[in-house]
Protein chains: 2
Amino acid sequence: MEKTKKPSSRDVAREAGVSQATVSYVLNNVPGVKIKEETREAVLAAARKLNYYPNEIARSMRLKKAMSIGVVSDKDLSNFRLMKILEGIKDALLPKNYSITLCFDKQNGPIEQAESVRYYRSNRIEGIIFVYTELREEDYRYLHEHKVPFVVINSHQNQSLSNQVQNDMEQALITALLSLKNAGKEEVAFLGLQDRSPLDRRFRGYLKALAACGLPAEERLCMRAPGKAEEIEEYLEAYYAEHQRLPAAILCESAGIGFRLLRFAARKGVTVPEQLSVIAIGSSRFSTLSYPALSTIENPLYEMGYTGCQLLFNLIEGKPAQSIITLEWRFVPRESS
Amino acid sequence: MEKTKKPSSRDVAREAGVSQATVSYVLNNVPGVKIKEETREAVLAAARKLNYYPNEIARSMRLKKAMSIGVVSDKDLSNFRLMKILEGIKDALLPKNYSITLCFDKQNGPIEQAESVRYYRSNRIEGIIFVYTELREEDYRYLHEHKVPFVVINSHQNQSLSNQVQNDMEQALITALLSLKNAGKEEVAFLGLQDRSPLDRRFRGYLKALAACGLPAEERLCMRAPGKAEEIEEYLEAYYAEHQRLPAAILCESAGIGFRLLRFAARKGVTVPEQLSVIAIGSSRFSTLSYPALSTIENPLYEMGYTGCQLLFNLIEGKPAQSIITLEWRFVPRESS
DNA sequence: CTGAAAGCGCTAACAT
DNA sequence: ATGTTAGCGCTTTCAG
């Protein structure tokens, strides 16, 4: 692929018979600089004739702005989440002509060696959006100390840390439980994994919503499986063997777990939603494709991306801004409840 | 976020008591340039002391290399595909220290106005990877004419066009059909959409594999639904009403359609795989989460990304390279067949 | 209203 | 073995 030399603003200037400065003025519509209509036309014509497009790298260099922001995700995140969030980020970026640089941070190493942070130090990006389940506290500290503009978009964070797009699922949770209650299902269990501190918030939300709805909270209804999500069907098997039945309704910690519960119910011949109502917390592009379609409580992914990005720009531009933003989840009933 | 001025190579030079050139030499390990161990140490020490990291923008500018490639996807693509491909691209990029710039092209407009192409013209990226179901022929022409380094990664393309990572599913298809035949299912239908020229290849592959396996091809077995994927259950309803039964085995055009067929079967009380075997063409992260888990014929997404990226680099660097690469699909049996 | 000139941070001849 | 120097393509004072 031979490099056909691209014209520079200098070439355009020569072609139009003006100076380079003038070219810059008209092409950027620099405010406060008046250009005679005649010269402006000449420049535009020359640019078109030569097929000129400004070199963004040179521009970046001069302006000392990378014109790009980095987006990182820990790989465990469902792709659906990330893509939806990316769409939101992109739309927020569009009017600014910024681009998205995808970063792939290794999860284990110290954050100062993460690709995203290296990119920032090298001026390749102006800020970082972490789409993480959880950013370690030491990483927060590091980023703050080094004045790296960043925001964290997540749905699991327990504490209210700064630079964060948070979300509130309490109301949606109550709406969901109420719909169960109205359907006569007074016995609502929670199914999740034991060792998942990032998702604890969901369990606590469940407990809180239970109380708000006047529903009983019993030990038997807290189904916390040991091990990994892949093994949850074994847990259900054991639970079923012990209790000889499933609760009337089960709220699942994640969509993945919801699907597995659906699998289990189908295997056991438990009909959903007649004998068992299932609702999962979290979005999935598969929700409408399972049988029955999975009712979910969804986080506003697109909006999280959009606002997160705006937050980041406020940080980059040093504008005063509230550094924690909260968005609402919503209950989307489908066939399984 | 106040900009704490970052040190430049000049600062490092001053600190180490050497020239800027020397700094560049040691930091880049320029081949053919010998530096006294002593000075090298001094430079390294100074860099560490000042917390110096080279400004990649300036470097890009000088080198006339953007150090980034653009990746575009038409939004209809399942996210799973894209993410897997991105991982492959990333790994191919890693040793080169190139980054990924995500581009979002509008699907309808002319390609010369697409973001990816604009980024290329502006020197923000050095080449483009299109993860497209189909790139229009006029777009191919445009890209070639303007000498834009690009490759297309897709699984649907009918014709053998250049700069493409292709794939061959014939063998995998035969393996799948054979496994059906061995299970006594001699009647294998194809379920897909009518108006989907990009996916026609799959249908033709089915026909070919059928012949190769000595299986009959009947009109009744070609289930081509009108309308969109969302409406396929209605089509199945009609088909069922007309024939009073489903074929013994059905090969689905895509994973999404496979899931919908599973839904339909569950609703009708048709047991899978006993009464009906289901196999879908395409990868999905939900294959293991449906009930029963969906057997699929999967394309080598990661490898497609990886090789696609290498192909692109050959183009960028002007190396001679075969411009069409073919990778093999593979059959992954699960519970539904 | 427009031009001349400086310089962003880096690399690579070319000198020494 | 290292230093000098000249730009890369752009924006932006500062003059005119």
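Owing to the predicted nature of the structure, the values given are computational and were not obtained by experimental measurement.

## Remarks on the nonpolar core
Core analysis: the biggest nonpolar cluster contains 102 residues, and A:Leu191, A:Ile297, B:Leu191 and B:Ile297 have the highest contact counts within it. Once residues within four sequence positions are removed from consideration, A:Ile297 is found in contact with A:Ala172, A:Leu173, A:Ala176, A:Leu251, A:Ile279, A:Ala280, A:Ile281, A:Gly282, A:Trp329, A:Arg330 and A:Phe331. A:Cys309, A:Phe313, B:Val151 and B:Met304 belong to the second-largest nonpolar core, a separate cluster that totals 58 residues.

## Quick word on the environment of B:Asn123
Relative to the helices and strands, B:Asn123 resides in the loop between helix H6 (115-121) and strand S3 (128-131). Residues B:Asn123 and B:Ala66, spaced 57 residues apart in sequence, show a C-alpha to C-alpha distance of 6.1 Å. In this structure, B:Asn123 is in contact with A:Lys6, A:Asn55, A:Ile57 and B:Ala66, ignoring residues within four places of it in sequence.

## Here's the deal with the domain arrangement of chain A
Looking at the assigned domains, one finds that chain A contains domain 1 (1-13 + 34-53), domain 2 (68-167 + 302-327) and domain 3 (170-298). Just the C-alpha atoms count here: the centres of domain 1 of chain A and domain 2 of chain A sit 37 Å apart.

## Observations concerning helix H8 (residues 170-182) of chain B
Residue and element names in this part refer to chain B. For H8, with 13 residues, the first-to-last C-alpha span of 18 Å sits near the 18 Å given by 1.5 Å per residue. The complete set of buried residues in H8 reads Ala-172, Leu-173, Ile-174, Ala-176, Leu-177 and Leu-180. At its buried positions, H8 is contacted by strand S6 (188-193), helix H9 (200-212), strand S8 (249-252), strand S9 (277-281), strand S10 (295-298) and strand S12 (330-332). Among the residues trailing H8, Gly-184 stands out with phi positive, at a value near 85°.

## Here's the deal with the pairing of strand S3 (residues 128-131) of chain A
All names here are of chain A. Side chains Ile-128 and Phe-130 of S3 all project onto a buried face; the interleaved residues Ile-129 and Val-131 project onto the opposite face, where all are buried too. Strand direction decides the pairing type here: strand S1 (residues 68-73) and S3, joined by 4 bridges, are parallel. When the sheet's bridge partners are listed, Ser-73 is paired in S3 with Val-131.

## Some details on the protein's contact with DNA strand C
Close to DNA strand C lie 29 residues; A:Thr22, B:Ser9, B:Tyr52, B:Arg59 and B:Arg62 are nearest. Counting only the atoms of DNA strand C within 4 Å of the protein, the fraction contributed by sugar and phosphate is 61%. Here a phosphate oxygen of DNA strand C and a backbone polar atom of A:Ser19 are 2.7 Å apart. The separation between a phosphate oxygen of DNA strand C and a polar main-chain atom of B:Asn55 is 2.9 Å.

## Considering the protein's contact with DNA strand D
A:Ser9, A:Arg62, B:Thr22, B:Lys36 and B:Lys64 are the nearest of the 29 residues found near DNA strand D. Sugar plus phosphate, as a fraction of atoms of DNA strand D within 4 Å of the protein: 59%. Residue A:Ser9 places a main-chain N or O atom 2.4 Å away from a phosphate oxygen belonging to DNA strand D. It is helix H2 (residues 20-28) of chain A that contributes the most residues to the surface near DNA strand D, 5 residues altogether. Taken together, the residues of the surface near DNA strand D sort by class into 12 nonpolar, 10 polar and 7 charged.

Scoring rules and cut-offs
Residues numbered from 1 in each chain as written. Chains lettered and ligands numbered in written order. Predicted model: local features only at pLDDT ≥ 70, side-chain atom pairs only at ≥ 80, totals over all residues. Heavy atoms only, no water. Core = buried A, V, L, I, M, F, W, Y, C linked by side-chain atoms within 4.5 Å. Buried < 20%, exposed > 50% of the residue type's maximum accessible area, 1.4 Å probe, protein only. Contact = heavy atoms within 4.5 Å. Helix = DSSP H or I, 4+ residues; strand = E, 2+ residues; numbered from the N terminus. Domains from an automatic or database assignment. Expected span 1.5 Å × (residues − 1). Pairing = 2+ DSSP bridges. Near = heavy atom within 4 Å. Polar contact = N/O pair within 3.5 Å; in protein donor to acceptor, adjacent residues only side chain to side chain. Nonpolar A, V, L, I, M, F, W, Y, C, P; charged D, E, K, R; others polar.

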